[in-house]
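# Coordinate analysis (summary)
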Amino acid sequence: MRSVGKSPVAEQGEDPRVAELGTAVARLRRELAVYRSEFRDRAIAEDELAALAAMVASGSPETARMRRSLLLIVGSIGSVSALRPALMGVRSAVDLFGDVPRRPR
């Protein structure tokens, strides 16, 4: 049985960062689904969460694309205080993947 707030045990060979991201994305998607108030950019948040979920399902998310999705999600729901804890969970999970390599100037 899984404890509340804990990530499921990663399957053998699965990157635990991917499992953590999947858990965080699922939580935010659930909380967004039950959040009754409408806000202007809700569809953007839902689309980007779906993109993150698809990356998790692939098993090897692309860091730059995850960060782009995160920025769009933060921009669209960042001011909704009720969703902030779940949003910070997604941010922390994305941060597990490290920095995006910078392009040479």
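Above: the structure in question.
Summarised in this report is the structure supplied together with it. (Residues numbered from 1 in each chain as written. Predicted model: local features only at pLDDT ≥ 70, side-chain atom pairs only at ≥ 80, totals over all residues. Heavy atoms only, no water.)

### Focus on the overall build of the protein
Put simply, the rule is: Secondary structure follows DSSP: runs of H or I at least 4 residues long count as helices, runs of E at least 2 residues long count as strands, and numbering of each begins at the N terminus. To sort residues, take the accessible area from a 1.4 Å probe on protein chains only and compare it with the maximum for the residue type: under 20% means buried, over 50% means exposed, and anything in between is partly exposed. Note on contacts: a residue pair qualifies if any of its non-hydrogen atoms lie within 4.5 Å across the two residues. Note on areas: these come from Shrake-Rupley sampling with a 1.4 Å probe, and a residue is covered only by the protein chains present in the view.
Along the backbone of the protein there are four helices and zero strands. Along the protein, helices and strands appear, N-terminal first, in the series α-α-α-α. Per-residue burial over the protein gives 30% buried out of 105 residues. Intrachain contacts of the protein at a sequence separation of at least 6 include 64% that bridge at least 24 residues. When the accessible surface of the protein is totalled, it reaches about 7200 Å², and 51% of it is carbon and sulfur.

### Some remarks on the nonpolar core
Taken as a class, soluble globular proteins show a tendency for nonpolar side chains to be buried jointly. Counted only if it meets this: As used in this record, nonpolar core signifies buried Ala, Val, Leu, Ile, Met, Phe, Trp, Tyr and Cys residues forming a set joined through side-chain atoms within 4.5 Å.
The biggest cluster of nonpolar side chains holds 24 residues, and the ones touching the most others in it are Leu21, Leu28, Leu52, Ile77 and Val90. Of all the secondary structure elements, the ones that give two or more residues to this core are α1 (16–34), α2 (42–58), α3 (63–77) and α4 (84–95). In terms of residue count, the dominant contributor to this core is α1 (six residues). Those residues within four positions of Leu52 in sequence are excluded, and the remaining contacts are Val25, Met66, Ser69, Ile73 and Val90.

### A closer look at the pattern of salt bridges
Cut-off, in case you're wondering: Throughout this description, the term salt bridge denotes a Lys or Arg side-chain nitrogen within 4 Å of a carboxyl oxygen of Asp or Glu.
Following the criterion strictly, the structure yields seven salt bridges and no others. With a closest N to O distance of 3.9 Å, Arg42 and Glu38 form a salt bridge. In this structure Glu38 comes out as exposed when scored by relative accessible area, which is 65%. A salt bridge links Glu46 to Arg42, with the nearest nitrogen and oxygen atoms 3.2 Å apart. Of this pair, Glu46 and Arg42 both sit in helix α2, four residues apart, which is roughly one turn of the helix. Given the relative accessible area of 36%, Glu46 is considered partly exposed. Take Arg42: its relative accessible area is 8%, and that puts it in the buried class. Salt bridges sharing common partners tie together Glu38, Arg42 and Glu46.

Functional significance is not addressed by these values, which are geometric in nature.
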